[in-house]
Amino acid sequence: MSAIPYPYLPTGRMIKYVDAHNPFMLEAREYARKNSLDDSVKTGSVIVKNGEIIGRGANGSDYHTEHGCERVKRGIPTGHGYELCPGCDPRNHSEPRAIADALKNGHETIGADLYLWGHWWACQPCWNAIIEAGIENVYLLKDSERLFNKASPDNIIGRQFDGVQ
């Protein structure tokens, strides 16, 4: 398998993969479906420690509904210019929201794992939050670099919940 050209990956970190039947990935998917406010790319994250889900988060804000996305209007590629759009602010990403949820509920995130559904990489601000929280592993859906990559002709964006009630 060739190396995946992630837009960002911190030195010394790696991404692991699980299949679509992994129970934590299924939970991240369901949380994204029910809670994401981003109509185009819904993502969900769960934080897992000792086999238990301790935090959940979904992406999005209502800013885009009313104002649109400043990054899209300017043609800024994924992973760049988050500071230009309040709706894209990393505080609205699923990873920091899941970390915040775990901490708010009194859970320690050091040594935990994060499962991210709906994206094929994590941006630098999210990686910074993941590292600061002491999260050990980041798991994505197997083949996510194809399934959730807007540039891939095989992506399922817009169809990622087909057949799910």
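Residues numbered from 1 in each chain as written. Predicted model: local features only at pLDDT ≥ 70, side-chain atom pairs only at ≥ 80, totals over all residues. Heavy atoms only, no water.

**Brief notes about the overall build of the protein chain**
And then number 1: Broken down by element type, the protein chain carries six helices and five strands.
And then number 2: Considered along the principal axes of its C-alpha atoms, the protein chain spans approximately 45 × 40 × 35 Å.
And then number 3: Taken across its 165 residues, the protein chain has 47% of its residues classed as buried.
And then number 4: Residue pairs in contact within the protein chain that sit at least 24 positions apart in sequence constitute 65% of those at least 6 positions apart. (Helix = DSSP H or I, 4+ residues; strand = E, 2+ residues; numbered from the N terminus. Buried < 20%, exposed > 50% of the residue type's maximum accessible area, 1.4 Å probe, protein only. Contact = heavy atoms within 4.5 Å.)

**Quick look at the pairing of strand 3 (residues 52-58)**
And then number 1: In this structure, strand 2 (residues 44-49) lies alongside strand 3, joined through six bridges in antiparallel fashion. Residue V46 lies in a different strand from strand 3, and its bridge partner there is R56.
And then number 2: Counted along the chain from strand 2 to the antiparallel partner strand 3, the turn is two residues long, and its residue N50 has a positive phi close to 55°. (Pairing = 2+ DSSP bridges.)

**Focus: the pattern of salt bridges**
And then number 1: Applying the stated rule across the entire model yields seven salt bridges.
And then number 2: Between K34 and E30 there is a salt bridge, with its nearest N and O atoms 3.4 Å apart. Here K34 and its partner E30 are both found in helix 1 (residues 23-35), four residues apart, which amounts to about one turn of the helix.
And then number 3: Taken together, the salt bridges that share partners define one network made up of E30, R33 and K34. (Salt bridge = Lys/Arg side-chain N within 4 Å of Asp/Glu carboxyl O.)

**A look at the UniProt feature "domain: CMP/dCMP-type deaminase" (unreviewed entry) in the protein chain**
And then number 1: Mapped onto the present numbering, the UniProt feature "domain: CMP/dCMP-type deaminase" (unreviewed entry) falls on residues 19-155.
And then number 2: In residues 19-155, helix accounts for 34% and strand for 17%; the two terminal C-alpha atoms are 16 Å from one another. (UniProt positions renumbered as here; feature names shortened; annotations may be inferred.)

**So, helix 4 (residues 94-104)**
And then number 1: Within helix 4 the residues assigned to the buried category are S94, E95, P96, A98, I99, D101 and A102.
And then number 2: G106 sits one or two positions beyond helix 4 and adopts a positive phi of about 80°.

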